[in-house]
Amino acid sequence: MPAPDLETVVSLAKRRGFVFPSAEIYGGFANSYDYGPLGIELKRNIREAWWRSMVRERDDVVGLDAALITNPQVWVGSGHVANFTDPLVDCKKCQRRFRADHLAEGTYGEIVRDANGAIVCPFDGGELTEPRQFNMMFRTQVGPVADDSSVAYLPPETAQGIFVNFDNVAQSMRRKLPFGIAQTRVSFRNEITPGRFIFRTLEFEQMEMEYFCLPPKDRDNPTEYLELHRQWITERLNWYINVVGIAPERLRLRDHEKDELSHYSAGTTDIEYLFPWGWGELEGIAARTDFDLSSHAALSGKPLTYFDEETNEHVVPWVIEPAAGLSRTLAVTLLECYTEEPDEKGETRVVLKFRPNIAPIKVAVLPLSKNEALRPTARRVYDLIRPLWMSQYDETQSIGRRYRRQDEIGTPLCVTVDFQTVGEKGEPGDDAVTIRERDSQAQVRVPISGLLEALRERLPGA
Ligand code: GAP
(Lines give C-alpha, C1' and ligand atoms only; values in the text may rest on other atoms or scores of the structure.)
Protein backbone atom coordinates (compact mmCIF):
# COMPACT_ATOMS: atom_id res chain seq x y z
CA MET A 1 0.00 0.00 0.00
CA PRO A 2 1.36 3.51 -0.80
CA ALA A 3 2.32 5.64 2.22
CA PRO A 4 -0.66 7.57 3.59
CA ASP A 5 -0.56 11.34 3.43
CA LEU A 6 0.78 12.98 6.56
CA GLU A 7 -2.47 14.81 7.41
CA THR A 8 -4.40 11.52 7.62
CA VAL A 9 -1.97 10.09 10.15
CA VAL A 10 -1.69 13.33 12.16
CA SER A 11 -5.46 13.44 12.40
CA LEU A 12 -5.72 9.80 13.53
CA ALA A 13 -2.90 10.35 16.03
CA LYS A 14 -4.86 13.17 17.64
CA ARG A 15 -8.33 11.59 17.41
CA ARG A 16 -7.16 8.35 19.00
CA GLY A 17 -4.90 9.75 21.74
CA PHE A 18 -1.40 9.16 20.34
CA VAL A 19 -0.01 12.67 19.76
CA PHE A 20 -1.55 16.11 20.40
CA PRO A 21 -0.29 19.55 19.35
CA SER A 22 1.30 20.98 22.49
CA ALA A 23 -0.71 23.53 24.50
CA GLU A 24 -3.43 23.48 21.88
CA ILE A 25 -5.84 25.58 23.97
CA TYR A 26 -3.30 28.43 23.68
CA GLY A 27 -2.90 28.02 19.95
CA GLY A 28 -0.17 25.37 20.16
CA PHE A 29 3.59 25.92 20.04
CA ALA A 30 5.73 25.45 16.95
CA ASN A 31 7.64 22.17 16.84
CA SER A 32 6.24 20.88 20.16
CA TYR A 33 3.89 17.96 20.68
CA ASP A 34 2.37 16.16 23.64
CA TYR A 35 2.05 12.38 23.77
CA GLY A 36 -1.33 10.99 24.77
CA PRO A 37 -2.16 7.75 26.60
CA LEU A 38 -1.59 5.56 23.54
CA GLY A 39 1.39 7.59 22.34
CA ILE A 40 3.32 7.01 25.55
CA GLU A 41 2.63 3.28 25.42
CA LEU A 42 3.83 3.16 21.82
CA LYS A 43 6.92 5.16 22.73
CA ARG A 44 7.69 2.91 25.71
CA ASN A 45 7.35 -0.17 23.56
CA ILE A 46 9.73 1.14 20.88
CA ARG A 47 12.22 2.23 23.55
CA GLU A 48 11.92 -1.14 25.26
CA ALA A 49 12.45 -3.00 21.96
CA TRP A 50 15.59 -0.92 21.33
CA TRP A 51 16.89 -1.47 24.88
CA ARG A 52 16.26 -5.17 24.63
CA SER A 53 18.24 -5.60 21.42
CA MET A 54 20.99 -3.10 22.29
CA VAL A 55 21.53 -3.94 25.98
CA ARG A 56 19.65 -6.90 27.40
CA GLU A 57 20.25 -9.38 24.61
CA ARG A 58 23.96 -8.50 24.35
CA ASP A 59 26.75 -9.06 26.82
CA ASP A 60 28.97 -6.26 25.51
CA VAL A 61 26.70 -3.24 26.15
CA VAL A 62 25.64 -1.65 29.45
CA GLY A 63 23.22 1.18 30.21
CA LEU A 64 23.56 4.67 31.65
CA ASP A 65 21.31 7.53 32.72
CA ALA A 66 23.36 10.73 32.92
CA ALA A 67 22.09 14.11 34.16
CA LEU A 68 20.50 16.39 31.58
CA ILE A 69 21.76 19.62 33.11
CA THR A 70 25.43 19.30 33.85
CA ASN A 71 28.74 21.16 33.86
CA PRO A 72 28.70 23.46 30.78
CA GLN A 73 32.32 22.54 30.10
CA VAL A 74 30.96 19.25 28.73
CA TRP A 75 29.56 21.20 25.77
CA VAL A 76 32.78 23.13 25.32
CA GLY A 77 34.80 19.89 25.32
CA SER A 78 32.40 18.20 22.92
CA GLY A 79 32.73 21.07 20.45
CA HIS A 80 29.02 21.94 20.57
CA VAL A 81 29.51 25.47 21.92
CA ALA A 82 31.79 26.29 19.00
CA ASN A 83 30.39 24.10 16.24
CA PHE A 84 26.78 23.02 16.80
CA THR A 85 25.50 25.69 14.48
CA ASP A 86 23.23 25.98 11.49
CA PRO A 87 23.22 28.69 8.81
CA LEU A 88 20.26 31.07 9.19
CA VAL A 89 18.93 33.58 6.68
CA ASP A 90 16.19 36.22 7.07
CA CYS A 91 13.77 37.47 4.45
CA LYS A 92 14.38 41.22 4.06
CA LYS A 93 10.70 41.77 3.19
CA CYS A 94 8.67 39.69 5.69
CA GLN A 95 11.45 39.08 8.27
CA ARG A 96 10.72 35.35 8.30
CA ARG A 97 13.76 33.30 9.32
CA PHE A 98 14.89 30.11 7.57
CA ARG A 99 17.64 27.54 7.78
CA ALA A 100 19.59 28.07 4.56
CA ASP A 101 20.30 24.34 4.13
CA HIS A 102 16.62 23.44 4.62
CA LEU A 103 15.57 26.12 2.10
CA ALA A 104 17.92 24.59 -0.46
CA GLU A 105 16.51 21.10 0.26
CA GLY A 106 12.93 22.30 -0.33
CA THR A 107 11.84 21.68 3.27
CA TYR A 108 9.77 24.90 3.19
CA GLY A 109 7.96 23.84 0.01
CA GLU A 110 8.86 24.66 -3.57
CA ILE A 111 12.29 26.32 -3.97
CA VAL A 112 11.74 29.84 -5.35
CA ARG A 113 14.53 31.68 -7.21
CA ASP A 114 14.96 35.22 -8.55
CA ALA A 115 15.97 36.10 -12.15
CA ASN A 116 19.64 35.45 -11.28
CA GLY A 117 18.90 31.99 -9.87
CA ALA A 118 19.39 32.98 -6.21
CA ILE A 119 17.03 31.35 -3.70
CA VAL A 120 14.49 33.84 -2.32
CA CYS A 121 11.80 33.75 0.38
CA PRO A 122 9.29 30.99 -0.50
CA PHE A 123 6.44 33.11 0.96
CA ASP A 124 6.83 36.49 -0.74
CA GLY A 125 9.87 36.22 -3.02
CA GLY A 126 11.83 38.64 -0.78
CA GLU A 127 15.62 38.82 -0.93
CA LEU A 128 17.43 36.84 1.78
CA THR A 129 20.25 38.02 4.06
CA GLU A 130 23.67 36.36 3.96
CA PRO A 131 23.69 33.17 6.13
CA ARG A 132 24.89 33.62 9.70
CA GLN A 133 25.72 30.81 12.07
CA PHE A 134 23.23 30.14 14.86
CA ASN A 135 23.95 27.77 17.77
CA MET A 136 21.11 25.28 18.21
CA MET A 137 21.67 24.57 21.90
CA PHE A 138 19.16 25.94 24.39
CA ARG A 139 20.81 27.90 27.18
CA THR A 140 19.49 28.06 30.70
CA GLN A 141 20.61 29.49 34.03
CA VAL A 142 21.46 27.53 37.16
CA GLY A 143 20.97 29.38 40.45
CA PRO A 144 19.37 32.71 41.30
CA VAL A 145 21.83 35.04 39.52
CA ALA A 146 21.64 35.28 35.75
CA ASP A 147 25.20 35.97 34.64
CA ASP A 148 27.76 34.24 32.43
CA SER A 149 28.97 32.02 35.27
CA SER A 150 25.53 30.47 35.75
CA VAL A 151 24.94 29.46 32.10
CA ALA A 152 24.12 25.82 31.47
CA TYR A 153 22.84 24.04 28.37
CA LEU A 154 20.04 21.63 27.65
CA PRO A 155 21.66 18.60 25.96
CA PRO A 156 21.35 18.55 22.15
CA GLU A 157 22.39 14.85 22.11
CA THR A 158 22.62 12.09 24.71
CA ALA A 159 26.12 11.01 23.69
CA GLN A 160 28.16 13.38 25.84
CA GLY A 161 26.87 11.98 29.15
CA ILE A 162 28.31 8.68 27.94
CA PHE A 163 31.74 10.05 26.96
CA VAL A 164 32.29 11.90 30.25
CA ASN A 165 31.35 8.72 32.14
CA PHE A 166 33.53 6.42 30.04
CA ASP A 167 36.06 5.80 32.79
CA ASN A 168 33.43 5.44 35.55
CA VAL A 169 31.60 2.76 33.58
CA ALA A 170 34.72 0.95 32.36
CA GLN A 171 36.15 0.76 35.91
CA SER A 172 32.97 0.01 37.85
CA MET A 173 31.80 -2.66 35.39
CA ARG A 174 35.34 -4.06 34.75
CA ARG A 175 34.83 -3.83 31.00
CA LYS A 176 37.26 -4.94 28.32
CA LEU A 177 37.18 -3.42 24.84
CA PRO A 178 35.14 -3.61 22.73
CA PHE A 179 32.08 -2.61 24.74
CA GLY A 180 29.22 -0.17 24.44
CA ILE A 181 27.31 2.22 26.70
CA ALA A 182 23.68 2.88 25.80
CA GLN A 183 21.31 5.61 26.86
CA THR A 184 17.80 6.77 25.95
CA ARG A 185 17.16 10.39 26.87
CA VAL A 186 15.41 13.53 25.85
CA SER A 187 17.48 15.99 23.79
CA PHE A 188 16.75 19.62 22.92
CA ARG A 189 17.51 21.64 19.81
CA ASN A 190 16.44 25.14 18.93
CA GLU A 191 14.90 24.09 15.61
CA ILE A 192 13.52 27.02 13.64
CA THR A 193 12.26 25.17 10.57
CA PRO A 194 8.55 24.41 10.99
CA GLY A 195 8.54 20.68 11.62
CA ARG A 196 6.61 18.02 9.84
CA PHE A 197 4.61 16.66 12.75
CA ILE A 198 7.05 14.99 15.21
CA PHE A 199 9.77 14.56 12.58
CA ARG A 200 11.61 17.63 13.83
CA THR A 201 10.77 19.01 17.26
CA LEU A 202 12.36 21.20 19.93
CA GLU A 203 12.58 18.30 22.34
CA PHE A 204 12.77 14.68 21.28
CA GLU A 205 14.00 11.40 22.63
CA GLN A 206 17.11 9.76 21.32
CA MET A 207 18.34 6.19 21.69
CA GLU A 208 22.10 6.28 21.43
CA MET A 209 24.90 3.84 21.99
CA GLU A 210 28.63 4.54 21.96
CA TYR A 211 30.57 1.41 21.05
CA PHE A 212 34.20 1.72 22.20
CA CYS A 213 36.91 -0.33 20.49
CA LEU A 214 40.70 -0.47 20.35
CA PRO A 215 42.18 2.23 18.10
CA PRO A 216 43.11 0.95 14.65
CA LYS A 217 46.69 -0.08 14.05
CA ASP A 218 46.89 2.29 11.09
CA ARG A 219 45.04 5.55 11.77
CA ASP A 220 45.08 6.51 8.10
CA ASN A 221 43.79 3.18 6.91
CA PRO A 222 41.52 1.91 9.71
CA THR A 223 40.14 -1.21 8.03
CA GLU A 224 39.00 -3.04 11.24
CA TYR A 225 37.28 0.14 12.42
CA LEU A 226 35.46 0.64 9.11
CA GLU A 227 34.39 -3.01 9.22
CA LEU A 228 32.91 -2.46 12.70
CA HIS A 229 31.09 0.60 11.35
CA ARG A 230 29.66 -1.52 8.55
CA GLN A 231 28.55 -4.23 11.00
CA TRP A 232 26.64 -1.71 13.11
CA ILE A 233 24.94 -0.25 10.04
CA THR A 234 23.68 -3.74 9.10
CA GLU A 235 22.66 -4.51 12.68
CA ARG A 236 20.62 -1.31 12.97
CA LEU A 237 18.99 -1.63 9.55
CA ASN A 238 17.87 -5.15 10.46
CA TRP A 239 16.38 -3.88 13.72
CA TYR A 240 13.98 -1.57 11.87
CA ILE A 241 12.97 -4.39 9.52
CA ASN A 242 12.78 -7.35 11.92
CA VAL A 243 11.78 -5.75 15.22
CA VAL A 244 9.82 -2.60 14.33
CA GLY A 245 8.39 -4.13 11.15
CA ILE A 246 9.31 -1.50 8.55
CA ALA A 247 9.21 -2.64 4.92
CA PRO A 248 12.79 -2.85 3.54
CA GLU A 249 11.77 -1.02 0.35
CA ARG A 250 10.98 2.09 2.39
CA LEU A 251 14.42 2.09 4.04
CA ARG A 252 17.75 2.98 2.48
CA LEU A 253 21.32 3.77 3.51
CA ARG A 254 22.95 7.08 2.62
CA ASP A 255 26.55 8.05 3.27
CA HIS A 256 27.10 11.67 4.32
CA GLU A 257 29.04 13.85 1.92
CA LYS A 258 32.24 15.29 3.41
CA ASP A 259 30.67 18.77 3.70
CA GLU A 260 27.65 17.59 5.70
CA LEU A 261 29.56 15.58 8.32
CA SER A 262 29.10 16.71 11.93
CA HIS A 263 32.14 18.29 13.53
CA TYR A 264 32.95 15.03 15.37
CA SER A 265 32.50 12.53 12.56
CA ALA A 266 34.98 10.88 10.20
CA GLY A 267 32.12 9.20 8.36
CA THR A 268 28.37 8.84 8.91
CA THR A 269 25.80 6.63 7.24
CA ASP A 270 22.15 7.49 7.70
CA ILE A 271 19.32 5.01 7.70
CA GLU A 272 16.61 6.88 5.83
CA TYR A 273 12.88 6.27 5.56
CA LEU A 274 10.66 7.15 2.62
CA PHE A 275 8.40 9.73 4.31
CA PRO A 276 5.34 11.10 2.45
CA TRP A 277 7.53 14.11 1.47
CA GLY A 278 10.55 12.03 0.41
CA TRP A 279 13.57 10.34 1.99
CA GLY A 280 14.51 11.56 5.47
CA GLU A 281 16.91 10.57 8.23
CA LEU A 282 15.78 8.06 10.83
CA GLU A 283 19.12 7.17 12.40
CA GLY A 284 22.75 8.16 11.89
CA ILE A 285 25.59 5.71 12.45
CA ALA A 286 28.71 7.79 12.95
CA ALA A 287 32.38 6.89 13.08
CA ARG A 288 33.34 9.34 15.85
CA THR A 289 36.94 8.06 16.11
CA ASP A 290 38.58 9.22 19.37
CA PHE A 291 37.34 12.78 18.89
CA ASP A 292 35.17 13.03 22.00
CA LEU A 293 37.33 11.16 24.53
CA SER A 294 40.43 13.05 23.38
CA SER A 295 38.68 16.45 23.51
CA HIS A 296 37.25 15.86 27.00
CA ALA A 297 40.59 14.57 28.26
CA ALA A 298 42.37 17.64 26.88
CA LEU A 299 39.90 20.11 28.41
CA SER A 300 39.37 18.38 31.77
CA GLY A 301 42.98 17.31 32.24
CA LYS A 302 41.72 13.81 33.18
CA PRO A 303 42.94 10.95 30.97
CA LEU A 304 40.12 8.99 29.34
CA THR A 305 42.13 5.96 28.29
CA TYR A 306 42.08 2.19 28.39
CA PHE A 307 44.98 -0.05 29.35
CA ASP A 308 45.63 -2.46 26.49
CA GLU A 309 47.13 -5.56 28.13
CA GLU A 310 48.45 -6.88 24.82
CA THR A 311 50.60 -3.88 24.06
CA ASN A 312 51.03 -2.68 27.68
CA GLU A 313 49.93 0.78 26.59
CA HIS A 314 47.27 3.25 27.58
CA VAL A 315 45.22 3.97 24.46
CA VAL A 316 42.28 6.24 23.65
CA PRO A 317 39.41 4.04 22.38
CA TRP A 318 37.69 4.78 19.08
CA VAL A 319 33.94 4.89 18.85
CA ILE A 320 31.09 3.84 16.58
CA GLU A 321 27.81 5.56 17.41
CA PRO A 322 24.39 4.33 16.28
CA ALA A 323 22.14 7.32 17.14
CA ALA A 324 18.41 6.78 16.65
CA GLY A 325 15.49 9.14 17.19
CA LEU A 326 12.74 7.62 19.31
CA SER A 327 10.13 10.25 18.43
CA ARG A 328 11.05 9.95 14.76
CA THR A 329 10.78 6.14 14.90
CA LEU A 330 7.34 6.59 16.44
CA ALA A 331 6.30 8.81 13.51
CA VAL A 332 7.63 6.22 11.06
CA THR A 333 5.81 3.41 12.88
CA LEU A 334 2.49 5.26 12.61
CA LEU A 335 3.05 6.01 8.91
CA GLU A 336 4.24 2.50 8.17
CA CYS A 337 1.46 0.66 10.00
CA TYR A 338 -1.42 2.82 8.73
CA THR A 339 -3.57 0.74 6.38
CA GLU A 340 -6.91 1.26 4.70
CA GLU A 341 -8.71 -1.77 3.32
CA PRO A 342 -12.28 -2.68 2.37
CA ASP A 343 -14.25 -4.57 5.01
CA GLU A 344 -16.87 -7.24 4.34
CA LYS A 345 -19.51 -4.52 3.66
CA GLY A 346 -17.24 -2.77 1.18
CA GLU A 347 -16.63 0.09 3.62
CA THR A 348 -13.14 1.30 4.44
CA ARG A 349 -11.51 -0.31 7.44
CA VAL A 350 -8.60 1.67 8.95
CA VAL A 351 -6.05 -0.54 10.69
CA LEU A 352 -2.77 0.29 12.39
CA LYS A 353 -0.90 -2.95 11.74
CA PHE A 354 1.52 -2.72 14.64
CA ARG A 355 3.55 -5.77 15.52
CA PRO A 356 2.38 -7.20 18.88
CA ASN A 357 5.61 -6.08 20.63
CA ILE A 358 5.02 -2.47 19.51
CA ALA A 359 1.21 -2.22 19.80
CA PRO A 360 0.13 0.08 22.68
CA ILE A 361 -2.84 -2.12 23.62
CA LYS A 362 -2.34 -5.85 23.17
CA VAL A 363 -5.82 -7.15 24.00
CA ALA A 364 -9.28 -5.59 24.22
CA VAL A 365 -11.99 -7.31 26.23
CA LEU A 366 -15.39 -6.63 24.69
CA PRO A 367 -18.61 -8.04 26.11
CA LEU A 368 -21.08 -8.49 23.25
CA SER A 369 -23.33 -5.81 24.76
CA LYS A 370 -23.84 -3.82 27.94
CA ASN A 371 -26.18 -6.53 29.24
CA GLU A 372 -25.72 -7.04 33.01
CA ALA A 373 -25.53 -10.81 32.56
CA LEU A 374 -22.28 -10.53 30.58
CA ARG A 375 -20.44 -8.10 32.82
CA PRO A 376 -19.19 -10.33 35.69
CA THR A 377 -17.60 -12.84 33.30
CA ALA A 378 -16.21 -10.10 31.05
CA ARG A 379 -14.65 -8.38 34.08
CA ARG A 380 -13.23 -11.72 35.26
CA VAL A 381 -11.61 -12.24 31.85
CA TYR A 382 -10.25 -8.67 31.90
CA ASP A 383 -8.81 -9.19 35.42
CA LEU A 384 -7.09 -12.33 34.14
CA ILE A 385 -5.46 -10.55 31.19
CA ARG A 386 -4.62 -7.15 32.68
CA PRO A 387 -1.61 -8.15 34.82
CA LEU A 388 0.06 -9.74 31.79
CA TRP A 389 -0.65 -7.41 28.85
CA MET A 390 -1.69 -3.80 28.38
CA SER A 391 -5.39 -4.23 27.78
CA GLN A 392 -8.66 -2.30 27.54
CA TYR A 393 -12.23 -3.05 28.59
CA ASP A 394 -14.98 -1.53 26.44
CA GLU A 395 -18.71 -2.22 26.52
CA THR A 396 -20.12 0.89 24.84
CA GLN A 397 -21.51 0.98 21.26
CA SER A 398 -22.08 -1.94 18.91
CA ILE A 399 -19.51 -4.72 18.79
CA GLY A 400 -18.75 -3.86 15.14
CA ARG A 401 -17.89 -0.26 16.01
CA ARG A 402 -15.73 -1.41 18.92
CA TYR A 403 -13.80 -3.77 16.63
CA ARG A 404 -13.22 -0.84 14.23
CA ARG A 405 -11.97 1.35 17.06
CA GLN A 406 -9.53 -1.32 18.20
CA ASP A 407 -8.38 -1.80 14.58
CA GLU A 408 -7.73 1.94 14.36
CA ILE A 409 -5.51 1.92 17.44
CA GLY A 410 -3.77 -1.26 16.32
CA THR A 411 -4.88 -3.72 19.02
CA PRO A 412 -3.82 -7.16 17.73
CA LEU A 413 -6.49 -9.20 19.58
CA CYS A 414 -10.03 -8.70 20.85
CA VAL A 415 -11.66 -11.12 23.28
CA THR A 416 -15.45 -11.22 23.15
CA VAL A 417 -17.71 -12.51 25.90
CA ASP A 418 -21.21 -13.43 24.67
CA PHE A 419 -24.33 -15.27 25.81
CA GLN A 420 -22.86 -18.59 24.79
CA THR A 421 -20.10 -17.88 27.32
CA VAL A 422 -22.40 -17.19 30.26
CA GLY A 423 -25.51 -19.15 29.17
CA GLU A 424 -29.03 -17.83 28.85
CA LYS A 425 -32.65 -18.83 29.49
CA GLY A 426 -31.55 -21.20 32.25
CA GLU A 427 -29.06 -23.02 30.01
CA PRO A 428 -25.45 -23.16 31.31
CA GLY A 429 -22.76 -21.32 29.35
CA ASP A 430 -19.68 -22.96 27.81
CA ASP A 431 -17.26 -20.65 29.70
CA ALA A 432 -15.48 -20.05 26.38
CA VAL A 433 -14.73 -16.75 24.63
CA THR A 434 -14.00 -15.63 21.07
CA ILE A 435 -10.56 -14.33 20.10
CA ARG A 436 -10.72 -12.06 17.05
CA GLU A 437 -7.50 -11.33 15.18
CA ARG A 438 -7.04 -7.77 13.92
CA ASP A 439 -5.41 -8.43 10.54
CA SER A 440 -7.23 -11.55 9.32
CA GLN A 441 -10.42 -10.77 11.31
CA ALA A 442 -10.52 -14.54 11.92
CA GLN A 443 -12.39 -15.62 15.04
CA VAL A 444 -11.61 -18.64 17.17
CA ARG A 445 -13.40 -19.90 20.26
CA VAL A 446 -11.29 -20.93 23.27
CA PRO A 447 -12.19 -21.98 26.83
CA ILE A 448 -11.43 -19.30 29.44
CA SER A 449 -9.23 -21.87 31.18
CA GLY A 450 -6.93 -21.92 28.12
CA LEU A 451 -7.27 -18.24 27.19
CA LEU A 452 -3.92 -16.97 28.50
CA GLU A 453 -2.05 -19.70 26.65
CA ALA A 454 -3.98 -18.92 23.43
CA LEU A 455 -3.20 -15.20 23.77
CA ARG A 456 0.48 -15.87 24.50
CA GLU A 457 0.77 -17.88 21.26
CA ARG A 458 -0.72 -15.00 19.28
CA LEU A 459 1.34 -12.22 20.89
CA PRO A 460 4.96 -13.12 20.17
CA GLY A 461 7.41 -10.74 21.84
CA ALA A 462 4.67 -8.80 23.63
N1 GAP B 1 24.72 11.90 18.86
C2 GAP B 1 24.55 12.00 17.45
C3 GAP B 1 23.37 12.73 17.05
O4 GAP B 1 22.71 13.38 17.86
P5 GAP B 1 21.87 13.29 14.99
O6 GAP B 1 21.90 12.72 13.60
O7 GAP B 1 21.94 14.77 15.11
O8 GAP B 1 23.08 12.59 15.73
C9 GAP B 1 20.32 11.37 15.84
O10 GAP B 1 20.59 12.76 15.75
C11 GAP B 1 18.84 11.12 15.57
O12 GAP B 1 18.04 11.93 16.45
C13 GAP B 1 18.37 11.53 14.17
O14 GAP B 1 18.63 10.52 13.25
C15 GAP B 1 16.90 11.73 14.37
O16 GAP B 1 16.21 10.49 14.34
C17 GAP B 1 16.83 12.27 15.79
N18 GAP B 1 16.68 13.75 15.77
C19 GAP B 1 17.63 14.66 15.61
N20 GAP B 1 17.12 15.93 15.68
C21 GAP B 1 15.79 15.77 15.90
C22 GAP B 1 14.69 16.68 16.08
N23 GAP B 1 14.88 17.99 16.11
N24 GAP B 1 13.45 16.17 16.28
C25 GAP B 1 13.25 14.82 16.31
N26 GAP B 1 14.25 13.92 16.15
C27 GAP B 1 15.50 14.38 15.96
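Each value, and the rule that gives it
- Residues numbered from 1 in each chain as written.
- Predicted model: local features only at pLDDT ≥ 70, side-chain atom pairs only at ≥ 80, totals over all residues.
- Heavy atoms only, no water.
- Helix = DSSP H or I, 4+ residues; strand = E, 2+ residues; numbered from the N terminus.
- Buried < 20%, exposed > 50% of the residue type's maximum accessible area, 1.4 Å probe, protein only.
- Contact = heavy atoms within 4.5 Å.
- Lys, Arg positive; Asp, Glu negative; His and termini not counted.
- Charge placed at Lys NZ, Arg CZ, Asp CG, Glu CD.
- Near = heavy atom within 4 Å.
- Polar contact = N/O pair within 3.5 Å; in protein donor to acceptor, adjacent residues only side chain to side chain.
- Areas by Shrake-Rupley, 256 points an atom, 1.4 Å probe, with all protein chains shown as cover.
- Pairing = 2+ DSSP bridges.
- Axes fitted to C-alpha atoms, helices over the stretch in contact; angles between N-to-C directions.
- Expected span 1.5 Å × (residues − 1).
- Patch = residues over 30% accessible without salt bridge, like charges linked within 9 Å, V, L, I, M, F, W, Y side chains within 5 Å.
- Salt bridge = Lys/Arg side-chain N within 4 Å of Asp/Glu carboxyl O.
- Phe/Tyr/Trp six-rings, centres within 6.5 Å; stacked < 30°, edge-to-face > 60°.
- Lys NZ or Arg CZ within 6 Å of the ring centre and 35° of its normal.

**Quick word on the overall build of the protein**
Counting its regular elements, the protein contains 14 helices and 23 strands. Each principal axis of the C-alpha distribution contributes one length, and for the protein these read about 85 × 65 × 50 Å. Burial analysis of the protein (462 residues in total) assigns 51% to the buried set. A separation of at least 24 residues holds for 66% of the contacts in the protein among residues at least 6 apart in sequence. Put simply, the protein has 55 plus and 70 minus side-chain charges, and the middle of one group is 5 Å from the middle of the other.

**Here we look at the site of the ligand**
Taken together, 20 residues are adjacent to the ligand, and E157, R189, E191, E208 and E281 come closest. The separation between a nitrogen atom of the ligand and a polar side-chain atom of E157 is 2.5 Å. In the model, a nitrogen atom of the ligand is placed 3.0 Å from a nitrogen or oxygen of the T201 main chain. Alone, the ligand offers 560 Å² of accessible surface; in the complex the protein occludes 92% of this. Among the secondary structure elements, those contributing two or more residues to the shell around the ligand are β10 (203-213), β13 (278-289) and β16 (318-325). The element contributing the most residues to the shell around the ligand is β13, with 5 residues.

**Some remarks on the sheet that holds strand β20 (residues 391-393)**
Here 5 strands make up an open sheet; going across it, the order is β20-β19-β21-β22-β23 and the pairing mixed. Each end of this open sheet is capped by a strand with a single partner; those strands are β20 and β23 (443-447). Mean inter-strand twist for the sheet, computed between neighbouring axes without regard to direction, equals 25°. The sheet contact formed by strand β22 (residues 432-437) and β23 spans 5 bridges and is antiparallel. Paired with A432 across the strands is P447, a residue of β23. Contacts from helix α12 (residues 399-408) reach β19 (363-367), β20, β21 (413-417), β22 and β23, with the element oriented near 170° to β19.

**Things to note about helix α10 (residues 326-337)**
Its 12 residues place the ends of α10 16 Å apart at the C-alpha level, agreeing with the 16 Å of an ideal helix rising 1.5 Å per residue. Within α10, 12 of the 12 residues are buried, leaving the element largely enclosed by the surrounding structure. For α10, the set of buried residues is L326, S327, R328, T329, L330, A331, V332, T333, L334, L335, E336 and C337.

**A closer look at the side chain of D270**
Mapped onto the secondary structure, D270 falls in strand β12 (residues 268-275). Assessed through its relative accessible area of 2%, D270 is described here as buried. Here the side chain of D270 touches H256 through a polar contact of 2.7 Å, side chain to side chain. Here D270 is in contact with R252, L253, R254, H256, E281, E283 and G284, once residues within four sequence places are set aside.

**Description of a nonpolar patch on the surface**
On the surface, a nonpolar cluster with roughly 210 Å² of combined accessible area is contributed by V76, V81 and L299. Residue position: V76 is located in helix α3 (residues 73-77).

**Digging into the packing of aromatic side chains**
Per the stated rule, a full pass over the model turns up 17 aromatic pairs. Between F199 and W277 the ring centres are 5.3 Å apart and the planes differ by 80°, which places this aromatic pair in the edge-to-face class. One end of the pair, F199, is in the loop between β9 (179-188) and β10; the other, W277, is in the loop between β12 and β13, and 78 residues separate them in sequence. Summarising the aromatic geometry, the rings of Y382 and Y393 are spaced 5.6 Å apart at their centres and angled 40° between planes, so their arrangement reads as tilted. Placement of Y382 in helix α11 (residues 375-385) and of Y393 in strand β20 is noted, with a sequence separation of 11 residues between them. Since its relative accessible area comes to 10%, Y382 is described here as buried. Overall, the relative accessible area of 18% leaves Y393 in the buried class. Above the ring of Y393, the side-chain terminus of R379 is found at 4.4 Å from the ring centroid. Taking NZ or CZ as reference, R436 lies 4.4 Å from the ring centre of Y403, over its face.

**Describing the sheet that holds strand β6 (residues 132-135)**
What the 3 strands build is an open sheet, ordered β5-β4-β6; its pairing is antiparallel. If you trace the sheet from one side to the other, it starts and ends with β5 (97-99) and β6, each paired once. Neighbour-to-neighbour, the strand axes of this sheet turn through a mean angle of 45°, independent of strand direction. Pairing of strand β4 (residues 85-90) with β6 involves 4 bridges; the strand directions are antiparallel. Across the sheet, the residue bridging to L88 is R132, located in β6.

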